[in-house]
Amino acid sequence: GFKKFREKEYESLSASMPTLVEKGQEPDYFMISCIDSRSNPGTIFRPAPGTFFAHKAMGAIVRPYKKGTALAAALQFALDHNKVSKIIVLGHTGCGAIQALIGGIEDPEISSFLEVAKTGLNEAQNKCGDHCAPADLQRHAEEEIVLQSVQNLSEYPSVERALAGGRVEIRPWIFDMESGNLFEYKKTEDKFLAITDHE
């Protein structure tokens, strides 16, 4: 894989890395995604170098703002110094982190991180009802936790400033691993709708 990258981005006539090294980066996107190896944005979007900043966390969970965290610093760098215009929160179906949250995992290191997503899980349980099938609860939880992450994200000072100035938009996305489709939350319809049409 690295050999192919080097051949294309350093040695071919269309190589982009020498220019990016010389002139610097100007990515348009900041992508927050899950650590799951199957939904890596670098794999599923096949982006050119310099396309987006990337941050990974279990379940693509954005915790409430706390000064000095890796995410807070990265967002401030991207928004205030690189003028990123779009933030994407990319959840995915079949998420092991969400399964662990629903199942009440007893590993204290993992459960202490997932704890913050219980609000999204509770919202999913309310929407799904008392007789909800496990697969339906999982899907609702994946969606609600992406939306909760977006809400938390909007309260980070750098994001709040950028939103107030109309400099950034936040996109809540779900990658459906089974179908290979992308879904985006549409506020007007209060649901995630497919933005791809792969059959």
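Each chain has its residues counted from 1, following the order in which its sequence is written. Where local features are concerned, this predicted model is filtered to residues with pLDDT of at least 70; where side-chain atom pairs are given and counted, the filter is 80 or more; whole-chain, interface and lining totals use all residues. Hydrogen atoms and water are omitted, and side-chain values are computed over all heavy atoms in the structure.

What's the story with the packing of aromatic side chains in this structure? I'm lost.
Given two aromatic rings, one states the distance between the centres and the angle between the planes to describe the pair. We call Phe, Tyr and Trp rings a pair once their centres come within 6.5 Å, taking the six-membered ring for Trp, and we label the pair stacked below 30 degrees between planes, edge-to-face above 60, and tilted otherwise. In this structure the tally under the stated criterion is seven aromatic pairs. Arranged with centres 6.1 Å apart and planes meeting at 80°, the rings of F53 and F77 form a pair that is edge-to-face. In this pair, F53 is assigned in strand β2 (residues 52-56) and F77 in helix α4 (residues 70-81), connecting sequence segments 24 residues apart. Look at F77 and you get partly exposed, because its relative accessible area is 43%. Members of the aromatic cluster, joined through ring pairs, are F2, F5 and Y10. Positioned above the aromatic ring of Y10, the side-chain terminus of R6 is 5.5 Å from the ring centre. The cationic tip of R139 hangs over the ring face of F183; the distance from NZ or CZ to the ring centre is 5.1 Å. Note on conventions: DSSP H or I runs of at least 4 residues are helices, E runs of at least 2 residues are strands, and numbering of each starts at the N terminus. Only protein chains enter the accessibility calculation, which uses a 1.4 Å probe; a residue whose area is less than 20% of its type maximum is buried, one above 50% is exposed, and one in between is partly exposed. Throughout this description, the term charge over a ring refers to an Arg CZ or Lys NZ atom that lies within 6 Å of the ring centre and within 35 degrees of the ring normal.

Even after reading the chapter, I still don't get the environment of K23, so can you show me in this structure?
Residue placement: K23 occurs in helix α2 (residues 17-23). The exposed category is assigned to K23, whose relative accessible area is 67%. Each C-alpha atom, one on K23 and one on K187, is 38 Å from the other, the two residues being 164 residues apart in sequence.

Looking at this structure, I do not really get the sheet that holds β2. What am I missing?
In sheet architecture, strand pairing relies on hydrogen bonds along the backbone and comes in two forms, parallel and antiparallel. In short, DSSP must find at least two bridges between two strands for them to pair. The sheet built from six strands is open, its strands ordered β2-β1-β3-β4-β5-β6 with mixed pairing. Of all strands in the sheet, those with a lone pairing partner are β2 and β6 (191-194), marking the two edges. Averaged over all pairs of adjacent strands, the angle between their axes in this sheet comes to 30°, without regard to strand direction. Note: strand β3 (residues 86-92) against strand β4 (residues 169-176), seven bridges, orientation parallel. Where helices are involved, their axes are fitted lines through C-alpha atoms of the stretch in contact, as for all axes, and angles between N-to-C directions lie from 0 to 180°.

What's the story with the packing of helix α5 (residues 96-103) against helix α8 (residues 134-153) in this structure? I'm lost.
What describes two packed helices is the angle between their axes and the distance between those same axes. Running from amino to carboxyl end, α5 crosses α8 at an angle of 110°, the nearest separation of the two axes being 10 Å. Judged by the inter-axis angle, α5 sits roughly perpendicular to α8. Classified by chirality, the crossing of α8 by α5 is right-handed. Together, I98, Q99, L101 and I102 of α5 and L137, Q138, A141, E142 and I145 of α8 make up the contact between the two elements. Gly falls in the polar group here, along with every residue not listed as nonpolar (Ala, Val, Leu, Ile, Met, Phe, Trp, Tyr, Cys, Pro) or charged (Asp, Glu, Lys, Arg). Taken together, the residues of the contact of α5 with α8 break down into six nonpolar, two polar and one charged. In what follows, roughly perpendicular refers to angles from 65 to 115 degrees, roughly parallel to angles under 35, roughly antiparallel to angles over 145, and oblique to any angle outside these ranges. Two helices crossing with the near one rotated counterclockwise from the far one by less than a right angle form a left-handed crossing, whereas a clockwise rotation gives a right-handed crossing. Throughout, a contact is declared for two residues whenever any of their heavy atoms are within 4.5 Å.

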